[in-house]
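Spelled out, the chains give:
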Amino acid sequence: KYKMILDLDTGIDDALAIAYALATPETDLIGIIGSYGNVVTSRGVQNSLDLLELLGHPEVPVYMGANHSSTTDHFDVMPVSAQIHGVNGVGEVSLKQADRQVETGSGVDFLISAAHQYQKDLLLVPTGPLTNLAAALDKDPEIENLIGNVTLMGGALTVPGNVTPVTEANINQDPQAADRVFRSSLPLTMVGLDVTTRTLLTTRETQQWRDLGTVAGQKYAEIVDFYIDAYKVTSPHLGGCALHDPLAVAVAVEPDLISTIYLNMKVDTKASFAGRTIGDETRINDPATQTQVAVNVDKERFVQEFMTKLTELFKN
Ligand code: BDR
Ligand code: CA
């Protein structure tokens, strides 16, 4: 059985990633590392703790991660993040506060020790900036050859970005860290906007959760309806909200949900292109690559599995 670690900036689709991981029997969710992005790290960590409690899984440990990018000493939430995820990151919905606190150890140390313990059984799914993973690689380069797979939500290769014409939000937060990760020898799968903006949810689906009459169903419906409303304003052409982060979790366990190309990637770190994910021209003729970029997705199958799994989870 796989062991999964999520590295989250817990906003709304990250909340869906937690639910999807808990509802996937092929893997054990062994921990969550907090990051900054949709909200500040402390808020995201609190959201993860509260959501785990809501979903009946208070045993999953939550660790603190980076509070800001590897090249700055401060982080401010972008106004557009508050618009999409709410100021509290969960659509202004109030959740019962968890009875427990964040773990005392650091998220980076937790990741390093899990890599040594579980090796190829370990699946890491980062759905926020790659600051924590880059820090772990710097601290213990050996983990490059240990971790089974890193399936990250981030980047865009065949479509424009969502924060600038060429950059996706997670990569944009810390291009240097992302570049460090893409140039490593980690087995990587990039689940970017190329595919995540094809997997959509509407209020037809959230109504099914509300109809369950459970607290979890009710709360998740309210949270995701906020996200759906935000998408009507920011991305009206899509016709629903994008299931970015839960798609990465699903792909980690079921890689055949997507089709990929193998490509050595880099992340631009300079000036106007900073944060762009693109093929690395210096390794374009290097036949060895461990990086796959998702370019297509079986969206019907994914959305169906997503609904079956989450509806079952929210029943209890
Ligand atoms: C990504 O950025 C965050 O806002 C979302 O949670 C997702 O991980 C989409 O670009
Ligand atoms: Ca995220």
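Placed above this text is the structure.
In short, a report on the structure.

Definitions and limits used
- Per chain, the residues get numbers from 1 upward, laid out in the order the sequence is written.
- Chains and ligands are labelled by the order in which they are written, letters from A for the one and numbers from 1 for the other.
- For this predicted model, a pLDDT threshold of at least 70 governs which residues receive local features, and a threshold of 80 or more governs which side-chain atom pairs are given and counted, while totals over whole chains, interfaces and linings are taken from all residues.
- Each helix is a run of H or I in the DSSP string that is no shorter than four residues. Each strand is a run of E no shorter than two, and both are numbered from the N terminus.
- Throughout, the radius of gyration refers to the C-alpha atoms, and the reference size of a globule is 2.2 Å times the residue count to the power 0.38.
- Labels follow a simple rule on C-beta atoms placed from the backbone: if 20 or more others lie within 10 Å of a residue's own, it is buried; if 12 or fewer, it is exposed; otherwise it is partly exposed.
- For the purpose of contact definition, each residue receives a C-beta atom placed from its backbone, and two residues are in contact when these atoms lie within 7 Å.
- For helices, the fitted line uses only the C-alpha atoms of the stretch in contact; every axis is such a line through C-alpha atoms, and the angle between N-to-C directions lies from 0 to 180 degrees.
- Should an angle fall under 35 degrees it is called roughly parallel, over 145 degrees roughly antiparallel, and 65 to 115 degrees roughly perpendicular, with every other angle called oblique.
- Two helices crossing with the near one rotated counterclockwise from the far one by less than a right angle form a left-handed crossing, whereas a clockwise rotation gives a right-handed crossing.
- For this classification, the nonpolar set comprises Ala, Val, Leu, Ile, Met, Phe, Trp, Tyr, Cys and Pro, the charged set comprises Asp, Glu, Lys and Arg, and every other residue, Gly included, is treated as polar.
- A set of buried residues qualifies as a nonpolar core if it consists of Ala, Val, Leu, Ile, Met, Phe, Trp, Tyr and Cys joined through C-beta atoms within 7 Å.
- Strand pairing requires that DSSP identify at least two bridges connecting the strands.
- In a helix, the anticipated span is given by 1.5 Å times the number of residues less one.
- To obtain the arc, one takes the directions from the helix axis to the C-beta atoms.

**Overview of the overall build of the protein**
Each helix and strand in the protein was counted, giving 12 helices and 12 strands. A globule of 316 residues ought to have a C-alpha radius of gyration of about 20 Å, and the protein, at 18 Å, matches this closely. Taken over the C-alpha atoms alone, the protein extends approximately 55 × 45 × 40 Å along its principal axes. Expressed as a percentage of the 316 residues in the protein, the buried residues total 50%. Long-range pairs, those at least 24 residues apart, make up 82% of the contacts in the protein with a sequence separation of at least 6.

**As for the packing of helix 4 (residues 107-118) against helix 5 (residues 131-139)**
Where helix 4 meets helix 5, the axes come as close as 9 Å, and the angle between the chain directions of the two elements is 60°. When the axis of helix 4 is compared with that of helix 5, the two are oblique. Note on packing geometry: the crossing formed by helix 4 with helix 5 is right-handed. Along its contact with helix 4, which presents G107, V108, L111 and I112, the element helix 5 presents N132, A135, A136 and K139. Partitioning the contact of helix 4 with helix 5 into residue classes produces five nonpolar, two polar and one charged.

**Observations regarding the nonpolar core**
Among the nonpolar cores identified, the biggest contains 92 residues, and L6, A19, Y20 and A248 are the most heavily contacted of them. Of all the elements, helix 1 (residues 12-22) adds the most residues to this core, at nine residues. Residue contacts for A248: discarding those within four places in its chain leaves A17, V125, T127, T151, L152, M153 and V191.

**Here we look at unusual backbone geometry**
If you check the backbone angles, Q119 has positive phi at about 50° while not being a glycine. Inspection of the secondary structure assignment puts Q119 in the loop between helix 4 and strand 4 (122-126). With a phi angle near 45°, A271 is a residue other than glycine that sits in the positive phi range. Among the secondary structure elements, A271 is positioned in the loop between strand 10 (265-267) and strand 11 (277-279). For A271, a count of 6 C-beta atoms within 10 Å gives the class exposed.

**Focus: the sheet that holds strand 1 (residues 2-8)**
On the basis of which strands lie adjacent, the open sheet formed by eight strands has the order 3-2-1-4-5-6-12-9 and mixed pairing. Of all strands in the sheet, those bounded by a partner on one side alone are strand 3 (62-63) and strand 9 (258-262). Two strands pair when backbone bridges link them, and strand 9 and strand 12 (residues 291-297) are joined in this way by five bridges, in the antiparallel orientation. Pairing of I258 across the sheet is with V297, part of strand 12. Strand contacts of helix 1: strand 1 and strand 2 (27-34), with the helix running at about 170° to strand 1, the strand carrying the most contacts.

**Observations regarding helix 4**
Look at helix 4: 16 Å from first C-alpha to last across 12 residues, which is about the 16 Å you get at 1.5 Å a residue. Among the residues making up helix 4, those that are buried are G107, V108, F110, L111, A114 and A115. Projection of helix 4 onto a plane perpendicular to its axis shows the buried side chains occupying an angular sector of 160°, all on one side. Structurally, helix 4 contributes buried residues whose contacts are with strand 1, strand 2, strand 3, strand 4 and helix 5. Among the residues trailing helix 4, Q119 stands out with phi positive, at a value near 50°.

**Some words on the environment of G11**
Counting through the fold element by element, G11 comes out in the loop between strand 1 and helix 1. Exposure remark for G11: the 31 C-beta atoms within 10 Å place this residue in the buried category. A sequence separation of 39 residues divides G11 from D50, and the C-alpha atoms of the two residues are 12 Å apart. Those residues in contact with G11 that sit more than four places away from it in its chain are N38, V39, S81, H85 and G89.

**Quick look at the environment of L157**
Counting through the fold element by element, L157 comes out in the loop between strand 5 (149-153) and helix 6 (169-173). In this structure L157 comes out as partly exposed when scored by C-beta crowding, with 19 C-beta atoms within 10 Å. Each C-alpha atom of the pair L157 and R180 lies 18 Å from the other, and the pair is 23 residues apart in sequence. Once residues lying within four places of it in the same chain are set aside, the contact partners of L157 are G192, D194, T277 and V293.

**A short note on the environment of T291**
Tracing the chain through its elements places T291 in strand 12. Sequence-wise, T291 and I261 are 30 residues apart; in three dimensions their C-alpha atoms are separated by 8.4 Å. The contacts of T291, once residues within four sequence positions are left out, are F182, L188, M190, Y262, L263, N264 and M265.

So yeah, pure geometry; function would need other evidence.
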